[in-house]
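Report on the structure
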Amino acid sequence: MSAVKTLVGALRAAPIAIALAFGTGVAGAAAAEEEPVVRMHPALAGIDWTEVTVVEVALKDHSYEPDEIRLKVGQPYKLVLRNVGAVAHDMVGGSLFDEKVIALRMVNSSVGRVIADYVNSVYVRSRNDIELWLVPLKAGDYSFFCSLPGHREDGMEGIVRIVP
Ligand SMILES: [Cu+2]
């Protein structure tokens, strides 16, 4: 008798469990605040993302504003790349995008997110934003630039100064 009750109880609970499992698999704006359940850069262990600092960089035709970004080792940042220009731009880490320099948590945008611990280049279409959630690891000056033809030559490059 009690075994039957237990089985009935388990069957009643099943749809709720399925709903919860499905819910965690849905990527969206709200889900971006949750801790991903996938493998991450080991340096991100113990980082409190409720303390995230937002740093905005405008991508213009053809410059970054600001072109010098100051970050602190060990602090979580949301680096928002906002393309306010009429054409597409990118950010290529000359020396910045290195897994020993920054620990990347994810690349986030209005259409979704990519969980990755490393990127080489981030391309942003005109009038769009992409966020890089990251933690600086190693103090120093690091370069970045736009790799679209002629943009770097026009001065579209910048520096990230990571301080201890
Ligand atoms: Cu550009």
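Residues numbered from 1 in each chain as written. Predicted model: local features only at pLDDT ≥ 70, side-chain atom pairs only at ≥ 80, totals over all residues.

1. A few points about the sheet that holds strand β10 (residues 140-145)
Sheet architecture is open: 5 strands sit in the order β3-β11-β10-β5-β8, paired in mixed fashion. A strand with exactly one partner marks an edge of an open sheet, and here the two such strands are β3 (68-72) and β8 (121-124). Taking each pair of neighbouring strands and ignoring which way they run, the sheet shows an average axis angle of 25°. With 2 bridges joining them, strand β5 (residues 89-93) and β10 adopt antiparallel strand pairing. If you follow V92 over to β10, its bridge partner there is F145. (Pairing = 2+ DSSP bridges. Helix = DSSP H or I, 4+ residues; strand = E, 2+ residues; numbered from the N terminus. Axes fitted to C-alpha atoms, helices over the stretch in contact; angles between N-to-C directions.)

2. Here we look at the pairing of β5
In this sheet, β8 lies alongside β5 in antiparallel orientation, the contact comprising 4 bridges. Each residue of the ladder has a partner; that of D90, found in β8, is Y123.

3. What about the nonpolar core?
Ranked by size, the top nonpolar core spans 27 residues in total, and within it L79, L81, L96, I102, L132, L134 and V160 carry the most contacts. For this core, the element with the highest residue contribution is strand β9 (residues 129-136), accounting for 5 residues. (Core = buried A, V, L, I, M, F, W, Y, C linked by C-beta atoms within 7 Å. Buried ≥ 20, exposed ≤ 12 C-beta atoms within 10 Å, placed from the backbone.)

4. Things to note about the sheet that holds strand β6 (residues 102-109)
Reading across the sheet, the 6 strands line up as β2-β1-β4-β9-β6-β7 and stay open at both edges, with mixed pairing between neighbours. In the strand order of this sheet, the two ends are held by β2 (63-65) and β7 (112-115), each with one partner. Taken over all neighbouring pairs, the strand axes of this sheet differ in orientation by 25° on average, direction set aside. Looking at chain direction, β6 and β7 are connected through 4 bridges and run antiparallel. Note that in β7 the partner of S109 across the bridge is G112.

5. Describing unusual backbone geometry
The phi angle of most residues is negative, glycine excepted, and most peptide bonds adopt the trans form. Here the residue pair D61 and H62 is connected by a cis peptide bond, since its omega of 5° sits within 30 degrees of zero. With respect to the helices and strands, H62 occurs in the loop between β1 (53-60) and β2. A cis geometry characterises the amide bond from E65 onward to P66, with omega recorded as 0°. The residue P66 is located in the loop between β2 and β3 in this model.

6. Focus on the environment of V84
By the secondary structure assignment, V84 is in the loop between β4 (77-83) and β5. Overall, the presence of 14 C-beta atoms within 10 Å leaves V84 in the partly exposed class. Placed 43 residues apart in sequence, V84 and R127 show a C-alpha to C-alpha distance of 5.2 Å. Other than its neighbours up to four places away in sequence, V84 contacts A58, L59 and K60. (Contact = placed C-beta atoms within 7 Å.)

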